[in-house]
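# Structural overview for review
Given next are the chains, with one letter for each unit.
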2 protein chains.
Amino acid sequence: MVARSNRVTIHDVARAAGVSVSTVSKALNDTGRMASETREKIKAIATDVGFRPNALARSLLSNRSFTVGLLTNDTYGRFTLPLMSGISEALVDHGVSVFLCAIEDDPALAKVHVDAMLDKQVDGIIATGKRVDRSLPVDLAGLPVPVVYAFTEGVPGSVILTADDADGARLAVERLRKVGRKWIVHVTGPDSFVSAIERADAFRQAVGPEALVLHGAWTEAWGHEAVAMLWGGDKPTPDGIFCGNDQIARGVVDALREKGVRVPEDVSVIGFDNWEIFADQTRPALTTVDMNLKELGRMAGLTILDLAEGRAVEAGLRKLPCKLVVRQSCGGDREI
Amino acid sequence: MVARSNRVTIHDVARAAGVSVSTVSKALNDTGRMASETREKIKAIATDVGFRPNALARSLLSNRSFTVGLLTNDTYGRFTLPLMSGISEALVDHGVSVFLCAIEDDPALAKVHVDAMLDKQVDGIIATGKRVDRSLPVDLAGLPVPVVYAFTEGVPGSVILTADDADGARLAVERLRKVGRKWIVHVTGPDSFVSAIERADAFRQAVGPEALVLHGAWTEAWGHEAVAMLWGGDKPTPDGIFCGNDQIARGVVDALREKGVRVPEDVSVIGFDNWEIFADQTRPALTTVDMNLKELGRMAGLTILDLAEGRAVEAGLRKLPCKLVVRQSCGGDREI
DNA sequence: AAATGATGAGAAAACGTTTTCTCACGTTGA
DNA sequence: TCAACGTGAGAAAACGTTTTCTCATCATTT
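All figures in this text were calculated on a predicted structure; none of them were measured in a lab.

Here the focus is the protein's contact with DNA strand C. Neighbouring residues of DNA strand C: 25 residues in total, closest Ile10, Ser25 and Leu61 of chain A together with Thr23 and Arg33 of chain B. Between Arg58 of chain A and DNA strand C, the recorded distance is 3.0 Å, taken from a side-chain N or O atom to a phosphate oxygen. Contributing elements (two or more residues each) for the surface near DNA strand C: α1 (10-17), α2 (21-29) and α4 (55-62) of chain A together with α2 (21-29) and α4 (55-62) of chain B. At four residues, the largest contribution of residues to the surface near DNA strand C is made by α2 of chain A. Taken together, the residues of the surface near DNA strand C sort by class into 10 nonpolar, 10 polar and five charged.

Accessible area lost upon the coming together of the parts is a frequently used measure of interface size. The domain boundaries assigned to chain A delineate domain 1 (1-48), domain 2 (64-164 + 293-321) and domain 3 (165-291). Summarising the inter-unit geometry, the C-alpha centres of domain 1 of chain A and domain 2 of chain A are found 37 Å apart.

What follows concerns unusual backbone geometry. Cis geometry marks the peptide bond from Val263 of chain A to Pro264 of chain A, where omega comes out at 10°. Note on placement: Pro264 of chain A falls in the loop between α10 (246-259) and β9 (268-272). Residue Pro284 of chain B is reached from Arg283 of chain B by a cis peptide bond, and omega for that bond is -5°. For Phe66 of chain B, which is not glycine, the phi torsion reads 55° and is therefore positive. Here Phe66 of chain B lies in the loop between α4 and β1 (67-72).

What follows deals with the protein's contact with DNA strand D. Around DNA strand D sit 25 residues, and of these Thr23 and Arg33 of chain A together with Ile10, Ser25 and Leu61 of chain B come closest. Protein-proximal atoms of DNA strand D, defined as those within 4 Å of the protein, fall in sugar or phosphate at a share of 50%. With respect to DNA strand D, the side chain of Ser22 of chain A contributes an N or O atom lying 3.3 Å from a base nitrogen. Here a base oxygen of DNA strand D sits 3.1 Å away from a polar atom, N or O, in the side chain of Lys26 of chain A. Among the elements of the structure, α2 and α4 of chain A together with α1 (10-17), α2 and α4 of chain B are those that each provide at least two residues to the surface near DNA strand D. Among the elements that make up the surface near DNA strand D, the one with the highest residue count is α2 of chain B (four residues). For the surface near DNA strand D, the residue count by class is 10 nonpolar, 10 polar and five charged.

Least-squares fitting of chain B to chain A yields an RMSD of 0.1 Å, with the superposition described by an axial translation of 0.0 Å and a rotation of 180°. As the rotation angle and translation indicate, the two copies are arranged about a two-fold axis. Relative to the rotation axis, the closest C-alpha in chain B is found at Phe99 of chain B, a distance of 2.2 Å. The overlap is high: 100% of the interface residues of chain B also sit at the interface in chain A, so the same surface is used on both sides.

Within a beta sheet, neighbouring strands are joined by backbone hydrogen bonds and run either parallel or antiparallel to one another. Residues and elements named next belong to chain B. Taken together, the six strands give an open sheet; going across it, the order is β7-β6-β8-β9-β10-β12, and neighbouring strands pair in mixed fashion. Every interior strand has two partners, whereas the edge strands, β7 (212-215) and β12 (323-325), have only one. Taking the axes of each pair of neighbouring strands and ignoring which way they run, one obtains an average angle of 20° across the sheet. Sheet analysis places strand β6 (residues 184-188) next to β7, joined by four bridges and oriented parallel. Pairing of Val187 across the sheet is with Leu214, part of β7. Strands in contact with helix α7 (residues 165-178) are β6, β8 (240-243), β9 (268-272), β10 (287-290) and β12; relative to β9, the strand with the most contacts, it is inclined by about 165°. Sheet contacts for helix α9 (residues 220-232): β6, β7 and β8; angle to β7, the most-contacted strand, approximately 140°.

A separate point is the interface of chain B and chain A. With 54 residues of chain B at the contact, the number on the chain A side is 55 residues. Contact with chain A buries surface across chain B, with Arg7, Leu56 and Lys120 of chain B losing the most and accounting together for 15% of the total. Linking chain B with chain A are six salt bridges. Measuring nitrogen to oxygen at the nearest pair gives 2.7 Å for the salt bridge that ties Arg250 of chain B to Glu220 of chain A. Going through the elements one at a time, α4, α5 (80-92), β2 (97-102), α6 (107-119), α10 (246-259) and α11 (276-279) of chain B are the ones with two or more residues in the side of chain B that touches chain A. Ranked by residue count, the leading element in the side of chain B that touches chain A is α6 of chain B, at seven residues. The residue inventory of the side of chain B that touches chain A, partitioned by class, reads 24 nonpolar, 17 polar and 13 charged.

About the thresholds
Within every chain, residues take consecutive numbers counted from 1 along the sequence as written. To label them, take the chains in the order written and letter them from A, then take the ligands in the order written and number them from 1. For a predicted model such as this one, the threshold for reporting local features is a pLDDT of at least 70, and the threshold for listing and counting side-chain atom pairs is 80 or more; totals across whole chains, interfaces and linings nevertheless cover every residue. Remark: hydrogens and water are excluded; side-chain values derive from all non-hydrogen atoms of the structure. If even one non-hydrogen atom of a residue comes within 4 Å of a molecule or strand, that residue is called near it. Identification of polar contacts relies on pairs of N or O atoms within 3.5 Å, with a donor-acceptor requirement for protein atoms, meaning one able to donate a hydrogen and the other able to accept it, and with residues adjacent in sequence counted only if both atoms are side-chain atoms. Elements are defined by DSSP. Helices are runs of H or I of four residues or more, strands are runs of E of two residues or more, and each kind is numbered from the N terminus. Throughout, the ten residues Ala, Val, Leu, Ile, Met, Phe, Trp, Tyr, Cys and Pro are labelled nonpolar, Asp, Glu, Lys and Arg are labelled charged, and all others, Gly among them, are labelled polar. Residue ranges labeled as domains rest on an automatic or database domain assignment. The least-squares superposition of copies is restricted to C-alpha atoms, and to residues with a pLDDT of at least 70 in both copies. Whether two residues touch is decided by their heavy atoms; if any such pair falls within 4.5 Å, the residues are in contact. Note: two strands are recorded as paired if DSSP finds a minimum of 2 bridges between them. Inter-axis angles, ranging from 0 to 180 degrees, are taken between N-to-C directions of lines fitted to C-alpha atoms, where helices are fitted over the stretch in contact. By convention, the term buried area covers the 1.4 Å-probe accessible surface removed from two parts as they join, with the contributions of both added. By definition, a salt bridge exists where a carboxyl oxygen of Asp or Glu is found within 4 Å of a side-chain nitrogen of Lys or Arg.

This is the structure:
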């Protein structure tokens, strides 16, 4: 309930042990020369009085703050949180803490946050966003600390980590084929999204020349609409639908159910994102492509650490493979 | 592309200006005595060479790091992100950055994070979680820094901020009454949740002795089930349904639509949480209670700041009012 | 003309560490 | 017996700031 700083410093330990602060420092860091009894005694006393070195003082000297910044404009957190979780998990073992800065597409706010982090001597900055083909509203080039871009557009020559959309599409098609689907269509988001394009291209490549890709919004409503279109004409209806995200997939599955089409018996559906809140709640639960965002976060964390510690890292765009999470909407889930 | 620390320090400024570091410091901080020309000249030179004071060095001296920690076990981020957003928004103006630590109900991990933050001399810690009636798996009492609990259980005598569940329930009932509903029921989550209990109690108090509360899971499926029960017997069916969260509400609305019951013409539905991804996508879009989590975050941020700066703060549980977000599922939305 | 006071600016200490340098002491070898 | 050497431990500098103290210089007053 009191005062300034009752925190125990290295001086307190030195006094308690009857030695100098240098000796304490060397004892605790296992450096320097000294009698091993002295070392052990000092260590014992240090833990006894609950000494924990002040990281700030240490950083001042070492030029390493064991702190990194995560800059994001994904306020909703759909992508940022798994990423954050991976970053944190990878770095906590190295004693590194993460500043989270939510900048909402506001350049001024972004600058304030970046400056604050630089002032606090972060060892590096990880930039992330909600769209792979958009960059944050702040220029991170030429900063005095390394920068890694994860799931957002980065400047040329920088390190950019992202999910391999094409791989995800291939995984989905492969699965649909494996459960015996012949006429597979792709219902996805607007073709103004690079992710949508890349998935669609890979989809076309995997399915062949007759491939059908329907672009729309990233919404349930578009899923409903697409089903209405596909089942509305007199053309043959597909037996497999690969959706651009889980919301579309949810719309598709609901629409099919309302139509009396059985999923997965009559039609197999695969989503994208593995957003559990959607994938799990859909009836039947969605088989869906997971972008491994947590793993992407781990990679980003370890990469920024490499850079901070001066190790060489290959620049350029690096795409991490996706994985398929099998639930019920595609069928074939019991065969395993 | 090189070396150690090209960062410009106060010494560089002093050299460039031909004065001592003390003079520079006083010039930039508008303290001390000096000719105003000197002051201005130094300021000009400082911005010229791009000097930014090293916050670490400053912190070492002032015992203030302008850094707080946010501890959460809400990996999904449903509650943490709006809170975080509010905290960050409130604190960025004061130059304070936020460490986000995701501890997944793992006491050891929690301790590691807390220790790392303490070593880094955070000015305070905000604890938050996914449930108001559960505490984090780590003891935050007796820490050398102030702690504020937001949306999670705190130790007695601490500062605890949370949403006023009863207020939310009252808002919902009030609205349903206002649009002319007479027979209102409450479909909510398990009665093992304090939130569910408090809302249910307030609901009963507002509706009267004949109030009907149905407890189930926090899922869409339970919404469907509840509708099946309510419309299954030969009792009169309700014309207003207040749901414990937006997922239940979504289930209820979907089930009613499938039944041919019109929302909001025949039945008004109100949700809880204002989880936009659900509230917006439901047809019709959900009128729902918003817990003002961002505001709660702001309060938490300002409170921790007050405590860090030694201002007195009243301990105890503080409940922040909710607000109703009007969309279409309740009706009466066009009257305004 | 001397004493007083105001003004401008620098020196030094401090924050809590780590690291390098120095030194006293005791042991070994010739 | 003396030089050389190894060992244990402390002194001091350094990191980049802020703050207190001291001290010239110059203008004002008597």
